[in-house]
Amino acid sequence: MQERLVILGGGESGVGAALLGKKIGFQVFLSDKGKLKEEYRTKLVDNGIQFEEETHTESRIMDADIVVKSPGIPKKASLIQKLEEKHIPIVSEIEFASRYTTAKIIAVTGSNGKTTTTSLIHHILTEAGLNVGLGGNIGKSFAELVVNDEYDFYVLEISSFQLDDVVSFRPYIAILLNITPDHLDQYDYKLELYARSKFKITENQSHEDYFVYNFDDDNILELIKEINTEAQKVPYSMNTHLNDGTHEENENVVVNFPDRLELPISQFALRGKHNISNTMAAATAANILKIRKETIKRSLSDFTAVEHRLESVLKIGGIEFINDSKATNVNSVYYALESMNAPTVWIVGGVDKGNDYSELVPLVKKKVKAIVCL
């Protein structure tokens, strides 16, 4: 008898999990409380996958052997509570997909810089001629990439919500960029709960794997004392000389693990302190993978910045318009404003996620001449 797989949520990750489940041989049913996008509805129909939208039929959902939950559905949702009461396993799409590939995974998480760092690592590995897929929170869902499983490596951007529901997910290289207050409304407004979800990226790693982390982040240093990981720890820092990691020295980034690599900062395509830190993480991962030094240097100099992240749009009358719409928390805004050299008109808006904005005030006074608030 076929195992019953229920997918909650019909977005990129949910539809990807449905396609993978169908291929593996599950009896698949997808349920979304909202309306499906036309492209996702078409994929489900074309692949003969049963689904419903704008409703949740509890009787069908509670009949599941395993549930893949969209990262957007909070754990507090009544439907999730009922599934847990029935002891029906609930996993993330990242967890589900990882069970059906033997490729090496490089996984990146953090409050800020995930997309840039993930894209940069993918760029380096592609330039090195490796067979590598890019997915997770960026591009295609991991599960849809695994449907054909044609890659030797996957570089994945992973959010805390995706990590909340992992069980055995084990990246070969796990990267933790930083931990600053974000999405605290989903973690009882407790930074430690949010931080612990980030650390789940390393909890299943073995001594054959690598945990690359930001030595300059106080929240990471505090929790790393308590977290048990068997992975080889490789720190990187802009402030501290590290003999067994990566640091800044004489206008160079020096990677000391597993062997020495010197990279001139002046040749980096990405600007700003935060991007030097992101580049350190990417270069460390590439060096662990034994990518040729010249390939790493070239890739760091010709990388194109991520769309919507400090993206220069155009100049009119000497005024530069910059799209930084991916700056969705206090820390990413801080880094963006810090890198501004000209008087800045800041167009700002969005939804509060429980953040403290007071730390921005001194920087705003220094850098911003006017605010347009949406």
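The rules we used
- Residues numbered from 1 in each chain as written.
- Predicted model: local features only at pLDDT ≥ 70, side-chain atom pairs only at ≥ 80, totals over all residues.
- Heavy atoms only, no water.
- Phe/Tyr/Trp six-rings, centres within 6.5 Å; stacked < 30°, edge-to-face > 60°.
- Lys NZ or Arg CZ within 6 Å of the ring centre and 35° of its normal.
- Helix = DSSP H or I, 4+ residues; strand = E, 2+ residues; numbered from the N terminus.
- Contact = heavy atoms within 4.5 Å.
- Polar contact = N/O pair within 3.5 Å; in protein donor to acceptor, adjacent residues only side chain to side chain.
- Buried < 20%, exposed > 50% of the residue type's maximum accessible area, 1.4 Å probe, protein only.
- Pairing = 2+ DSSP bridges.
- 1 Å grid on protein atoms, 1.4 Å probe; cavity = no way out; pocket = protein on both sides within 12 Å on 5 of 7 lines; lining within 4 Å.
- Points joined across faces, edges and corners; volume = space filled by probe spheres on them.
- Nonpolar A, V, L, I, M, F, W, Y, C, P; charged D, E, K, R; others polar.
- Patch = residues over 30% accessible without salt bridge, like charges linked within 9 Å, V, L, I, M, F, W, Y side chains within 5 Å.
- Areas by Shrake-Rupley, 256 points an atom, 1.4 Å probe, with all protein chains shown as cover.
- Salt bridge = Lys/Arg side-chain N within 4 Å of Asp/Glu carboxyl O.
- Axes fitted to C-alpha atoms, helices over the stretch in contact; angles between N-to-C directions.

A closer look at the packing of aromatic side chains
- Enumeration over the complete set of coordinates arrives at 8 aromatic pairs.
- Across the ring face of F29, the terminal group of R60 is positioned such that the distance to the ring centre comes to 3.8 Å.
- The positively charged end of K104 is found above the aromatic ring belonging to Y172, 4.5 Å away from the centroid.

With respect to the environment of S141
- Residue position: S141 is located in the loop between β7 (132-136) and α7 (142-148).
- Spatially, the C-alpha atom of S141 lies 8.3 Å from that of I94, the residues being 47 residues apart in sequence.
- In contact with S141, other than residues within four places in its own chain, are E12, S13, G16, E93 and G136.
- From its side chain, S141 meets the backbone nitrogen of E144 in a polar contact 3.1 Å long.

Overview of the pairing of strand β8 (residues 153-157)
- Here β8 lies mainly inside the structure; 5 of its 5 residues are buried.
- Every second residue of β8 is oriented toward a common face, with F153, V155 and E157 on one face and Y154 and L156 on the other, all of them buried.
- Looking at chain direction, strand β6 (residues 104-109) and β8 are connected through 5 bridges and run parallel. Bridging from a neighbouring strand, V108 pairs with E157 of β8.

Looking at empty space enclosed by the protein
- Per the stated rule, a full pass over the model turns up 1 cavity of 30 Å³ or more.
- If you add up the space inside the largest cavity, you get close to 30 Å³.
- Forming the walls of the largest cavity are L263, P264, Q267, F268, K297, L300 and S301.
- Taken together, the elements giving at least two residues each to the lining of the largest cavity come down to β14 (261-264) and α12 (293-302).
- A breakdown of the residues in the lining of the largest cavity according to their chemical character gives 4 nonpolar, 2 polar and 1 charged.

Looking at the sheet that holds strand β2 (residues 27-32)
- Across the sheet, 5 strands lie side by side as β3-β2-β1-β4-β5; this open sheet has parallel pairing. Across the chains shown, the open sheet's two edge strands, defined by having one partner strand only, are β3 (50-53) and β5 (90-91).

Remarks on a nonpolar patch on the surface
- A surface patch of nonpolar side chains, about 470 Å² in accessible area, is lined by V313, L314, I316, I319 and F321.
- Those elements that provide at least two residues to the nonpolar patch are β15 (311-316) and β16 (319-323).
- Following the sequence through the fold, I316 ends up in strand β15.

Some points on the pattern of salt bridges
- One pass over the full model with this rule turns up 18 salt bridges.
- D165 serves as the salt-bridge partner of K75, at 4.0 Å between the closest nitrogen and oxygen. Note that K75 is positioned in the loop between β4 (66-69) and α4 (78-85) and D165 in the loop between α8 (160-164) and β9 (173-176), a separation of 90 residues in sequence.
- Look at the salt bridges and you will find they share partners, linking R4, D63 and D65 into a network.

Section: the sheet that holds β6
- With mixed pairing, the 9 strands of this open sheet are ordered in space as β7-β8-β6-β9-β10-β11-β12-β13-β14. Looking at the sheet topology across the chains shown, the edges are occupied by β7 and β14. Averaged over all pairs of adjacent strands, the angle between their axes in this sheet comes to 20 degrees, without regard to strand direction.
- Pairing of strand β10 (residues 210-214) with strand β11 (residues 232-237) involves 5 bridges; the strand directions are parallel. Each residue of the ladder has a partner; that of F211, found in β11, is K233.
- Docked against the sheet, helix α6 (residues 114-127) engages β6, β7, β8 and β9, running at close to 165 degrees with respect to β8.
- Each of β9, β10, β11, β12 (246-249), β13 (252-255) and β14 is contacted by helix α11 (residues 273-288), which is oriented at about 145 degrees to β11, the strand it contacts most.

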